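Okay, here's what each chain looks like letter by letter:
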Amino acid sequence: MRISTTSSRTPSLKSVAIGAAVALLSGIAINSIAAAAPGAYDKQFLSKAADAGSTEIAASKVAQSKSSNGEVKKFADAMVTGHTQVAEELKQLASSKQIEVSDQPGKKHQAQIDKLGRLEGVPFDKEYAASIGVAAHKDAVKLFTDASQKASDPDIKAFAAKTLPALQHHLDMANALHASLAK
């Protein structure tokens, strides 16, 4: 008696089609998950942007209370308002990507704010305008310019591009304030 083994060893056309469909769908699912997860650069950008923004807010709140110069107070008010709005958008974006960001300045920036807080009068105003106004905004403009070009996540890239003009405006305001305090 002969037993046919062909049917058990040779997959049927239906089995091959089902296997191919499962493999294809698995590949698509894996690619979708990979595309949805922001890369290391994007995560680093969000973290650095959150740190920069929280530093601006904290230092500008110090300026609101310590400065007696009307222009410095006006600039500080604008920084608190503008950066608080951006911080909320950034926090929502990061949350939607399952990325945690801090709303507090990092150690390096906290030390800078503490140093600033020990100053008084004109030296305070000049240091605030130079370090928080000009230098911090130069760094932020570079950070957001790079992210608007290099971020792999389209939402993060769009956020950076959308925020960049406001940061450039803040830098222009800071340069003008810094120049007026140098007189």
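Definitions and limits used
Residues numbered from 1 in each chain as written. Predicted model: local features only at pLDDT ≥ 70, side-chain atom pairs only at ≥ 80, totals over all residues. Heavy atoms only, no water. Helix = DSSP H or I, 4+ residues; strand = E, 2+ residues; numbered from the N terminus. Buried < 20%, exposed > 50% of the residue type's maximum accessible area, 1.4 Å probe, protein only. Axes fitted to C-alpha atoms, helices over the stretch in contact; angles between N-to-C directions. Parallel < 35°, antiparallel > 145°, perpendicular 65-115°, else oblique. Contact = heavy atoms within 4.5 Å. Nonpolar A, V, L, I, M, F, W, Y, C, P; charged D, E, K, R; others polar. pLDDT = per-residue confidence, 0-100. Phe/Tyr/Trp six-rings, centres within 6.5 Å; stacked < 30°, edge-to-face > 60°.

**Side note on unusual backbone geometry**
Look at Q98: it is not a glycine, yet its phi comes out positive at around 55°. The topology assignment puts Q98 in the loop between α4 (70-96) and α5 (107-117). Exposure remark for Q98: the relative accessible area of 71% places this residue in the exposed category.

**Things to note about the packing of α4 against helix α7 (residues 154-182)**
Two elements in contact, α4 and α7, have axes whose closest approach is 11 Å; the angle formed by their N-to-C orientations is 170°. Looking at the two axes, α4 sits roughly antiparallel to α7. Residues E71, V72, F75, A78, M79, G82, H83, V86, E89, L90 and L93 of α4 form the contact with α7, whose own contacting residues are D155, I156, F159, K162, T163, L167, H170, M173, A174, L177 and L181. Of the residues contributing to the contact of α4 with α7, the split by class is 14 nonpolar, 4 polar and 4 charged.

**Concerning the confidence of the model for the chain**
Confidence in the prediction of the chain, expressed as mean pLDDT, is 88, and 80% of residues score 70 or more. Per-residue pLDDT stays below 50 along residues 29-35; that stretch engages in 0 contacts with residues further than four places along the chain or on separate chains.

**Description of the packing of aromatic side chains**
Ring pairs (aromatic) are described by centroid distance and by the angle formed between their planes. Enumeration over the complete set of coordinates arrives at 4 aromatic pairs. When the ring of F75 is compared with that of Y128, the centres are 5.9 Å apart and the planes differ by 70°; the resulting orientation is edge-to-face. Remark: Y128 occurs in helix α6 (residues 121-150) and F75 occurs in helix α4; sequence separation between them is 53 residues. Exposure remark for F75: the relative accessible area of 4% places this residue in the buried category.

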